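Examination of the molecular architecture
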Amino acid sequence: MNPFQQQAKEITKIYKNWKSINVKPYDKETVDPYTRVRIILMNGTEFESVWNTSRLTRQCANNDVRRAMALIRRGEQQQQKRIANLKPRNESMLEHTIGYEQLAVDLTAILAQREKNEYVKHQLDFALLEDFDHLYRYADLLDYERGIHAEKLVGKYTEIMPGRPTVAEPRSPQDDVRAYINNFLSDPITRLNVNIITAAEQQTMNYYMNIANLYESELGRRLYSEIAMIEEQHVTGYGCLKDPAPDLFECMVMHEYTEAYLYWSCYNDETDARIKEIWLMHFEEELSHLHFACSLMEKYEGRVWQQLFPEGGEFPQLLNFAPQKEYVREVLKSVRLTANGEGYEEVDKLPGNFRFFTYNKGVSGNVKGLASHMVIEKTIGKFGRDYRCTDKPHPVRALDDTKKDNTEIARVQGA
């Protein structure tokens, strides 16, 4: 599929009425977990696109260009509202959060395995260790407070067990900054991967920031706030990978290309016939956005899309969701890594006075009082063990004990 070679409707012809936007939600009892994951992914992708043109509008002095961006943004807003309405009212905040973290785990694993740039792959693997642990902490909260097993929500596609413990994740801000890629020297898959994961993590961070203080229990409020801080670290790391050179028009074209790619991937991957049609409709709308953005770039800069896509613009390998259990287990073996400047290092190999230790201790304080630890301790106290969903023992022996939360691995030297 080459979106540049497809016929697209004129952009003012694609707006829909509220009947089309207020769609019927999925049934939380029967929905396939990967359908839920795709909905969360595309909701975040639309947020990213809306935010991008809003940011560019504030930096642009030409009202004709601003009006053009408003045309695109209105369509993106309608798409976002339609996707958001697919979530049912009876799906709790915490149940929906399990979907967010399943997306973070499986999406990151999929992107990492197809990534050709080793530096980008290392950042994906590094954050994967932490999102995997977040899934475990939220799943235990769900079991402790509601008696609901998260395996029902993830469909056993994704295992649930500790990753790099959340208490070991707070790092000095300097150590979340990464080197950036060069779009013109990078493989198309790398450009797409960076755009996709940045949008997904940004949406997760925004979601947790906005709902943390709305959660009904004090333990849950504190857990959301704690993990939201780590999601900010991920957004910084992934955002730094993006090439800072592209200008206003190139940014628009790249965003629309990424959206078209994702909707076409969702359409080909979806198992729910009704939602599959929504993905197709959105793909056709994105064709209009993409062609319109290309026309703006040509009009105001004299550049054509072929200059951004010298390889021809054909969609590379589509994004298909499938269980990533074995890959995640392999990545978990590097659980003792932390960040060091633009790179990574095992905690045991860092100088004893390295800023990670000072920052982590200063922020975490008494680890026993942190929500990410307390939720496991309370679950163990209530049920005699923590909640996990695994096919076999944990690949890291230090994290295999179901009756004790390890708060020292990847945080304390020699642990």
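Residues numbered from 1 in each chain as written. Predicted model: local features only at pLDDT ≥ 70, side-chain atom pairs only at ≥ 80, totals over all residues. Heavy atoms only, no water.

1. Thoughts on the overall build of the protein
Test applied: A run of H or I in DSSP becomes a helix once it reaches four residues, and a run of E becomes a strand once it reaches two; helices and strands are each numbered from the N terminus. Categorising residues by exposure relies on relative accessible area from a 1.4 Å probe, with only protein chains included: less than 20% of the type maximum marks a residue as buried, more than 50% marks it as exposed, and the intermediate range marks it as partly exposed. Contact criterion: two residues are considered in contact whenever any of their non-hydrogen atoms come within 4.5 Å of each other. Computed with the Shrake-Rupley method and a 1.4 Å probe, the accessible areas treat only the protein chains shown as cover for residues. His is not counted, nor are the chain ends, whereas Lys and Arg count as positive and Asp and Glu as negative. Each charge is placed at NZ for Lys, CZ for Arg, CG for Asp and CD for Glu.
A count of helical and extended segments in the protein gives 13 helices and two strands. Counting over 415 residues, the protein shows a buried share of 60%. In the protein, 84% of the contacts between residues at least 6 apart in sequence involve partners at least 24 apart. On the protein, roughly 17000 Å² of surface is accessible, and the fraction owed to carbon and sulfur atoms is 50%. Side-chain charges in the protein split into 53 positive and 62 negative, and the spacing between the mean points of these groups amounts to 4 Å.

2. A short note on the side chain of Glu-101
Worth spelling out the cut-off: We define a salt bridge as a side-chain nitrogen of Lys or Arg found within 4 Å of a carboxyl oxygen belonging to Asp or Glu.
Mapped onto the elements, Glu-101 comes out in helix α4 (residues 93-114). Of the side chains with opposite charge, Arg-137 lies nearest to the buried Glu-101, which makes no salt bridge, at 11 Å.

3. Remarks on the nonpolar core
For clarity, the threshold we go by: Among buried residues, those of type Ala, Val, Leu, Ile, Met, Phe, Trp, Tyr and Cys that are joined through side-chain atoms within 4.5 Å constitute a nonpolar core.
Leu-41, Leu-107 and Trp-279 are the most contacted members of the largest nonpolar core, which totals 112 residues. Take this core: its biggest share by element is 14 residues, from helix α9 (residues 248-269). Those residues in contact with Leu-107, other than ones at most four positions away along the chain, are Leu-41, Gln-102, Ile-196, Ile-197, Ala-200, Leu-319 and Phe-321.

4. A word on the pattern of salt bridges
A side chain with one charge may pair with a side chain of the opposite charge, provided their charged atoms come close. Evaluated as defined, the whole model comprises 28 salt bridges. The shortest N-O distance in the salt bridge between Asp-133 and Arg-137 comes to 2.8 Å. Of the two residues, Asp-133 and Arg-137 are both situated in helix α5 (residues 118-146); the distance of four residues between them amounts to about one turn of the helix. Note on accessibility: Asp-133 and Arg-137 belong to one class, buried. Arg-171 is paired through a salt bridge with Asp-176; the nearest N and O atoms lie 3.0 Å apart. Neither residue differs from the other here; Arg-171 and Asp-176 are each classed as buried. Among the charged side chains, a network of salt bridges with common partners joins Glu-130, Arg-164, Arg-171 and Asp-176.

5. Quick word on the environment of Thr-108
Selection criterion: Side-chain atoms alone can form a polar contact between residues adjacent in sequence; in general such a contact is a pair of N or O atoms within 3.5 Å, and within protein one must be able to donate a hydrogen while the other accepts it.
Tracing the chain through its elements places Thr-108 in helix α4. As for Thr-108 and Gly-384, which are separated by 276 residues in sequence, their C-alpha atoms are 32 Å apart. Once you skip the residues sitting within four places of it in the chain, Thr-108 turns out to touch Leu-103, Leu-124, Leu-128, Ile-197 and Tyr-238. Within the structure, the side chain of Thr-108 is placed 2.4 Å from the backbone oxygen of Ala-104, a separation counted as a polar contact.

6. With respect to helix α11 (residues 325-332)
Burial analysis of α11 places six of its eight residues in the buried class, the great majority of the element. Among the residues making up α11, those that are buried are Lys-325, Tyr-327, Val-328, Arg-329, Val-331 and Leu-332.

7. Focus: the pairing of strand β1 (residues 337-340)
Heads up, the condition is: Strands pair, by our definition, only if DSSP identifies at least two bridges between them.
Relative to strand β2 (residues 343-346), β1 is paired through four bridges, and the arrangement is antiparallel. Each residue of the ladder has a partner; that of Leu-337, found in β2, is Glu-346. Linkage of β1 to β2, two consecutive antiparallel strands, is achieved through a turn of two residues, within which Gly-341 is found at a positive phi near 65 degrees.

8. Regarding the packing of helix α2 (residues 33-58) against helix α3 (residues 63-84)
Working note: a packed helix pair is described by the angle between its axes plus the distance between those axes. Defined as follows: Angular values range over 0 to 180 degrees, each being the angle between N-to-C directions of two axes fitted as lines to C-alpha atoms, with helices fitted over their stretch in contact. Each angle receives one of four descriptions, namely roughly parallel if under 35 degrees, roughly antiparallel if over 145, roughly perpendicular if within 65 to 115, and oblique otherwise. Two helices that cross are described as forming a left-handed crossing if the nearer one is turned anticlockwise from the farther one by less than a right angle, and a right-handed crossing if clockwise. Polar here means any residue other than Ala, Val, Leu, Ile, Met, Phe, Trp, Tyr, Cys and Pro, which are nonpolar, and Asp, Glu, Lys and Arg, which are charged; Gly is therefore polar.
One way to put it is that α2 packs onto α3 with a least axis distance of 9 Å and a crossing angle of 160 degrees. One element, α2, and the other, α3, form an angle in the roughly antiparallel class. For the pair α2 and α3, the crossing hand works out as left-handed. Counting all contacts with α2, which are made through Ile-39, Met-42, Asn-43, Glu-46, Phe-47, Ser-49, Val-50, Thr-53, Ser-54, Leu-56 and Thr-57, the residues of α3 involved are Arg-66, Met-69, Arg-73, Glu-76, Gln-77, Gln-79, Gln-80, Ile-83 and Ala-84. Considering only residue class, the contact of α2 with α3 consists of eight nonpolar, eight polar and four charged.

9. Thoughts on unusual backbone geometry
Its identity is not glycine, yet Lys-156 carries a phi of approximately 60 degrees, on the positive side. If you trace the backbone, Lys-156 turns up in the loop between α6 (151-154) and α7 (188-211). Despite not being glycine, Ala-410 has its phi angle at roughly 70 degrees, a positive value. Mapped onto the secondary structure, Ala-410 falls in the segment after α13 (371-383).

10. Concerning the packing of aromatic side chains
Defined as follows: Put simply, two rings from Phe, Tyr or Trp (the six-membered ring, in Trp's case) pair if the centres are within 6.5 Å, and we call them stacked under 30 degrees between planes, edge-to-face over 60, tilted for the rest. Counted as over-ring charges are cases with an Arg CZ or a Lys NZ within 6 Å of the ring centre that also lie within 35 degrees of the ring normal.
Scanning all chains against the criterion turns up 21 aromatic pairs. Relative to Tyr-207, the ring of Tyr-100 has its centre 4.3 Å away and its plane inclined at 5 degrees; by these criteria the two rings are stacked. Of this pair, Tyr-100 sits in helix α4 while Tyr-207 sits in helix α7, and the two are 107 residues apart along the sequence. The pair formed by Tyr-100 and Tyr-207 is uniform in burial state, with each residue classed as buried. Note on Phe-356 and Phe-357: the rings are 5.3 Å apart at their centroids and 70 degrees apart in plane angle, and the pair reads as edge-to-face. The side chain of Arg-164 reaches across the aromatic face of Phe-126, ending 4.3 Å from its centre. The ring of Tyr-267 carries Lys-276 above its face, with NZ or CZ at 4.4 Å from the centroid.

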